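Structural overview for review
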Amino acid sequence: MEQAELRRWEARCTQEEPPRCRAACPLHVDVKEFCTRMAEEKYDQAWATLCRTMPLPRVLARICDGPCRSACIRGQAGGSIELPALEHVCAQRATRQPRILPAPSRGKKAAVLGCDLAGLAAAWDMTRKGIAVTIYTDTPPADALDGLHIPPAAADSIDSMLQQELDTMRRLGAEIQEHTEITSGLAAGCLEECGAVFITPRAYDRLMAGLPEPDPLTLGTATHGVFAAPPLPCSVTEGASPVAAAAQGRRAATSVARLHEGASLVAGREREGVFESTLFTSLEKVQPAPPVPVPAGGYDATQARNEAARCLRCECMECVRHCVFLQEYGSYPKQYARRIYNNESIVMGTRQANTMINSCMQCGLCATLCPNGFDMGALCAEARQSMVRRGKMPPSAHDFALRDMEFANGEHCTLARHAPDTQASGWVFFPGCQLAASDPDSIPRTWEWLRRHLPPSCGTAQNQGVGLMLRCCGAPAQWSGRNELTAGTVAALKQDWENLGSPVIIAACPSCAVMLRSHLPQADVTGLWEIMDSLTDSRPDILQPATADGHPAVVLHDPCGTREDAPMRQAVRSLLERYGIAVHEPELTAETTECCGFGGLAAEANAALGKKITEGRALRLGAPPAQGKTAEAAPSGTDLQADAVTYCAMCRDRLAAHGKRTAHLLDILLPAQADAPAIAAAPLPSAQEEPVAGTLPADCCAQGFSAAARHAPSLSARHENRARLREYLLTSCWDEAPAASGPQAALEIRYTAQAAARMEERRILDADVRKVLLHSRDNRWLQDTRSPQGHRLASLRPVVVTYWVEFTRHDENTFTVHNVWSHRMHVRTVNGRTPS
């Protein structure tokens, strides 16, 4: 990533922009911090906040006219914060005055001609910059505030406060020359002696009459070293703005300091004074609340606390608030962009941001919520591609997902054929590898329904039928940043599609639809749900959905792949409505739906975060909190207690695995028949079966709404389901004999609960274990000396991962597996023996 690109990414995130109140204050008082402390009744800390930015704070805090109020976001929800009244009560109640110290002397001088608030503010700031200042005045310093708006509540104390601040200025080194006539000669002499002169508004008419107006940015005049501020507009009833006057002095002090430093007078001063902030703050959940009325004598402590508590503490964080991934790393997109830039461009050793980059779901929710469309997924996708190009991608990050994709696109799982007894396809059903892995039984009946009801695109049904393609669309390769692998996967898919005559593709999986439309633009791709909605619009009886008795409503979870696919989302809602199934929408739904944790391979690269993402979504869909956790994150209403329905197989399985009963839409629209042959693989034989109350095994042929209770299949079962589906279709549709099984299939294996759990955790498949056990039969095993039961150990490194199995052998083909693990290290010998 080049620095210019980083700047473009940074510019889209407004989180570091100041709140509008602070941008509207010429002195840039930190209103958010001030109100936070006032709401806590921490007056000394609030006072310190004011003193950091205000010149002459004892005075200004009492006479501030509150220019921030016109920009206050709270003004759109009840009324702007009464900041002047809060500042006044803070000035009264603070008990500790921050130490105000001058900067070390720079050996530079400046003269201020005239004594008003602008002149005093300029002198205040210059002394704090190490510049020796002399104020020349022909009026008493006590009259410095004449012509300014003084609130009635401050009238009695303002003179004494001004005197205290004048004493402070003298202590800081400022000199005040009273009874001095302000003339052009004095100005010329001061310029010669000091090199810098500030003509205040009070002296402006006398010294600047007939001369060009000063530059508004620097207050510089035609005479080098002379700066001047014209008088401010003055209301007949309220006088001039004290804050604006102080800001004039601050601008002059900045120019004088830059002049003495030999620095540019104009560079980087665009945001000096009032400017427009681009910070976005949502008022969506803000309850209107009117300001606390200001009594004539000012707020008391309770009133001040309540008024300060109305401050919204403006910030954006729209994306972070709704994304577990963005919350996980404790910051916001602009900071993350910097970390990624540092990761790529500066850090040459350990890359701290690798895990963060690989943990993004790439679901696009942040871009939808961000007013500027900051897409963290796109940023992480670019970073992953860069890491792959430079050989910096950790090999373990996406290894299992890519091997899973390879298996789904291998000879045991792929299929691309016309329908039986047809010679061409006008359509082709593309269910996607995850539906085949999750619920292989649903695919034959859906395909059959399409073949029965879809009209031929032209000609007859015999030569324009509905074909079938079983394979992976290549999404894991794209999510992992491997462009070459993505291109190769899509090329193989394209070849299958062209061999079928380039028919219209009917995609059941939203992610497949996105991939196919993006990488196969020449194809006509439509969603299964749009087809079903269209066909049943005039013929609703061609679907016989599961009865809704006892299930009057469902909570609908839109897969994140449909974020930009409004037609698919609408088709799903139309189908549910047509068949009398009421839909409850969660808070984040449709284009703002949440990812289940599988998107972007987040759960593969960061299993703990993936679990947190899915658990959070399940809770927000109405799942009961996990044991030992509170219900704080669960929705408060009762409408989300119904079963969830989604139309992505991976979403269904992940939500079901994390406590939310979830059905796939096909379970309801095309429920399994009781006498239908079962294709799904049985769960791994367990030596310690521990059924969970209220749930059904993964291979259970549950019908209709009861399918919401079906377990998510294990990783091993997902592999097995794909292969079994292909074999079933070859046998039942084309009368082809299945391929002969390998010797591993003859092994009878039972797994302990610990072993089964470790297999899911470490992404170890039943097929991997079988290879190890088959390998061990030729005396290639070790005695586990840690095991009092005499367990054996065996290992095998088929490619790059070494698999270990702790087992008991009962006879040549019968085993009990007690534990499994894997690693990428090369282990040369164990107790003097080579383990594999």
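Counting of residues starts from 1 at the beginning of each chain's written sequence and follows it residue by residue. In keeping with the model being predicted, local features are shown solely for residues with a pLDDT of at least 70 and side-chain atom pairs are shown and tallied solely at 80 or more, while totals for entire chains, interfaces and linings include all residues. The basis for the side-chain values is all heavy atoms of the structure; hydrogens and waters are excluded.

Regarding the overall build of the protein chain
Basically, it comes down to this: Runs of E in the DSSP output that reach at least two residues are strands. Runs of H or I that reach at least four are helices, and both are numbered from the N terminus. Values of the radius of gyration come from C-alpha atoms, whereas the globule rule sets the reference at 2.2 Å times the count of residues to the power 0.38. Remark: exposure states derive from per-residue accessible area (1.4 Å probe, protein chains only) relative to the maximum for the residue type, with buried under 20%, exposed over 50%, and partly exposed in between. What makes two residues a contact is simply this: any of their non-hydrogen atoms within 4.5 Å. Using a 1.4 Å probe, the Shrake-Rupley method yields the accessible areas, and only the shown protein chains count as cover for residues. Counted as positive: Lys and Arg. Counted as negative: Asp and Glu. His and the chain ends are not counted at all. Note that the charge is assigned to NZ on lysines, CZ on arginines, CG on aspartates and CD on glutamates.
In terms of regular secondary structure, the protein chain is built from 33 helices and 19 strands. In terms of overall size, the protein chain is more extended than a compact globule, its C-alpha atoms giving a radius of gyration of 37 Å where 836 residues would be expected to give roughly 28 Å. Each principal axis of the C-alpha distribution contributes one length, and for the protein chain these read about 115 × 75 × 50 Å. The buried share among the 836 residues of the protein chain stands at 54%. For the protein chain, the share of sequence-separated contacts (at least 6 apart) that also reach a separation of at least 24 residues comes to 72%. Here the protein chain displays about 36100 Å² of accessible surface, and carbon together with sulfur accounts for 50% of that area. Side chains of the protein chain carry 86 positive and 94 negative charges; the gap between the two charge centres is 6 Å.

Examining the pattern of salt bridges
As a reminder of what qualifies: By salt bridge we mean one thing: a side-chain nitrogen of Lys or Arg within 4 Å of a carboxyl oxygen of Asp or Glu.
All told, the structure shown has 44 salt bridges when counted by the stated rule. Two residues, Asp404 and Arg722, come together in a salt bridge whose shortest N-O distance is 2.8 Å. Residue Asp404 is located in helix α19 (residues 399–408), and its partner Arg722 is located in helix α31 (residues 715–734); the two are separated by 318 residues in the primary sequence. Considered together, Asp404 and Arg722 belong to a single accessibility category, that of buried residues.

Topic: the packing of helix α21 (residues 442–453) against α31
Put simply, the test is: Whenever a helix is involved, its axis is fitted only over the stretch in contact; in every case the axis is a line through C-alpha atoms, and angles between N-to-C directions fall within 0 to 180 degrees. We call two directions roughly parallel when the angle between them is under 35 degrees, roughly antiparallel when it is over 145, roughly perpendicular when it lies between 65 and 115, and oblique otherwise. Ten residue types, Ala, Val, Leu, Ile, Met, Phe, Trp, Tyr, Cys and Pro, are classed as nonpolar, four, Asp, Glu, Lys and Arg, as charged, and the remainder, Gly among them, as polar.
Packing of α21 against α31 brings their axes to within 10 Å, and their N-to-C directions diverge by 40°. Looking at the two axes, α21 sits oblique to α31. On α31, the residues touching Ile443, Pro444 and Trp447 of α21 are Leu725, Tyr728, Leu729, Cys733 and Trp734. For the contact of α21 with α31, the residue count by class is eight nonpolar, no polar and no charged.

Re the environment of Ala296
Along the polypeptide, Ala296 turns up in the loop between α11 (242–261) and α12 (301–309). With relative accessibility at 77%, the residue Ala296 sits in the exposed group. Spatially, the C-alpha atom of Ala296 lies 6.7 Å from that of Ala153, the residues being 143 residues apart in sequence.

Focus: the nonpolar core
Basically, it comes down to this: In these notes, a set of buried Ala, Val, Leu, Ile, Met, Phe, Trp, Tyr and Cys residues joined through side-chain atoms within 4.5 Å is what counts as a nonpolar core.
If you look at the biggest cluster of nonpolar residues, it comprises 77 residues, and the most contacted ones within it are Phe34, Cys35, Met38, Leu86, Leu120, Met126 and Ile135. Once you skip the residues sitting within four places of it in the chain, Ile135 turns out to touch Val112, Gly114, Cys115, Leu120, Ala123, Met169, Glu175, Ile176 and Gln177. In terms of nonpolar packing, the next biggest core, distinct from the first, is built from 76 residues, Leu450, Ala507, Cys512 and Leu535 among them.

Quick word on the sheet that holds strand β12 (residues 582–584)
Counted only if it meets this: Two strands make a pair as long as DSSP finds a minimum of two bridges between them.
With parallel pairing, the four strands of this open sheet are ordered in space as β12-β11-β13-β14. Two strands in the sheet have a free side with no partner beyond their single neighbour: β12 and β14 (662–664). Averaged over neighbouring strand pairs, the angle between their axes works out to 40° when direction is ignored. Summarising the sheet, strand β13 (residues 644–646) and β14 pair through three bridges and their orientation is parallel. Note on β14: the bridge partner recorded for Val645 is Ala663. Strands β11 (553–557), β13 and β14 of the sheet are contacted by helix α29 (residues 649–657), whose axis makes an angle of about 160° with β14.

Description of the confidence of the model for the protein chain
This is how it is decided: Known as pLDDT, the predictor's per-residue confidence is scaled from 0 to 100.
Of the residues in the protein chain, 91% have a pLDDT of 70 or more, and the chain-wide mean is 89. Low confidence marks residues 687–694, where pLDDT is under 50. Its contacts with residues over four positions away, or in another chain, come to ten contacts.

Here's the deal with the sheet that holds strand β17 (residues 792–796)
As summarised here, the arrangement of the five strands in space is β15-β19-β18-β17-β16, forming an open sheet in which the pairing is mixed. Here the strands that pair on one side only, and so sit at the sheet edges, are β15 (748–751) and β16 (782–783). Judged from the five bridges that link them, β17 and strand β18 (residues 802–811) form a sheet pairing that is antiparallel. Note on β18: the bridge partner recorded for Ser795 is Trp804.

Observations concerning α11
Using the following cut-off: Expected helix span is taken as 1.5 Å per residue step, with the number of steps being one fewer than the number of residues.
Here α11 contains 20 residues, and its C-alpha end-to-end distance of 29 Å stays within 8% of the 28 Å for a straight helix at 1.5 Å per residue. With respect to burial, α11 is a largely interior element, 17 of its 20 residues being buried. Positive backbone phi, at 75°, marks Gly262, one or two positions downstream of α11.

Points about unusual backbone geometry
The bulk of non-glycine residues show a negative phi, and the bulk of peptide bonds are trans. Positive phi, close to 45°, is recorded for Leu56, a residue that is not glycine. By secondary structure assignment, the location of Leu56 is in the loop between α4 (43–53) and α5 (57–63). One non-glycine residue, Ser502, lies in the positive phi region at around 55°. Given a relative accessible area of 38%, Ser502 falls into the partly exposed group.

Thoughts on the pairing of strand β8 (residues 465–470)
Every other side chain in a regular strand lies on the same face of the sheet, so the side chains alternate between the two faces. The buried fraction of β8 amounts to six of the six residues, a majority that puts the element mostly inside the structure. Pairing between strand β6 (residues 415–417) and β8: three bridges, direction antiparallel. Across the sheet, the residue bridging to Leu415 is Leu470, located in β8. With four bridges joining them, strand β7 (residues 425–430) and β8 adopt parallel strand pairing. Residue pairing in the sheet places Ser425 in a bridge with Gly465 of β8.

With respect to the packing of aromatic side chains
Cut-off, in case you're wondering: Planes of paired rings set the category: under 30 degrees apart is stacked, over 60 is edge-to-face and the rest tilted, where pairs are Phe, Tyr or Trp rings (Trp by its six-membered ring) whose centres lie within 6.5 Å.
Here the structure, examined in full by the defined rule, presents seven aromatic pairs. Taking 5.2 Å as the distance between ring centres and 55° as the angle between the ring planes, the aromatic pair formed by Trp9 and Phe374 counts as tilted. Note that Trp9 is positioned in helix α1 (residues 3–12) and Phe374 in the loop between α17 (365–369) and α18 (376–389), a separation of 365 residues in sequence. Assessed through its relative accessible area of 5%, Trp9 is described here as buried. Each ring, one from Trp529 and one from Tyr647, has its centre 6.2 Å from the other, and the planes form 70°; the classification is edge-to-face.

What to know about the environment of Ile182
Position of Ile182 among the secondary structure elements: in the loop between β3 (175–177) and α9 (184–194). You can call Ile182 buried: its relative accessible area is 5%. The residues contacting Ile182, other than those within four sequence positions of it, are Leu113, Gly114, Tyr136, Thr137, Asp138, Ala203, Arg206 and Leu207.

Description of the pairing of β15
Only one face of β15 is buried, namely the one carrying Ile749 and Tyr751, since none of Glu748 and Arg750 on the opposite face is buried. In this structure, β15 lies alongside strand β19 (residues 814–823), joined through four bridges in parallel fashion. Directly across from Glu748, in β19, lies its bridge partner Thr814.

Concerning the side chain of Lys660
Rule in force here: Polar contacts, as counted here, are pairs of nitrogen or oxygen atoms within 3.5 Å of one another; within protein the pair requires one atom able to donate a hydrogen and one able to accept it, and residues that are adjacent in sequence qualify only if both atoms are side-chain atoms.
Relative to the helices and strands, Lys660 resides in the loop between α29 and β14. Polar side-chain contacts of Lys660 include one of 3.0 Å to the backbone oxygen of Leu621.

A look at the environment of Cys234
As for its position among the elements, Cys234 is in the loop between β5 (226–228) and α11. In this view, Cys234 contacts Gly147, Gly239 and Ala240; residues no more than four positions away in its chain are not counted.

Let's talk about α31
Given 3.6 residues per helical turn, the α-helix brings residues three or four places apart onto the same face. The end-to-end C-alpha distance of α31 is 29 Å, a good match for the 28 Å that 20 residues give at a rise of 1.5 Å each. Among the residues trailing α31, Asp735 stands out with phi positive, at a value near 55°.

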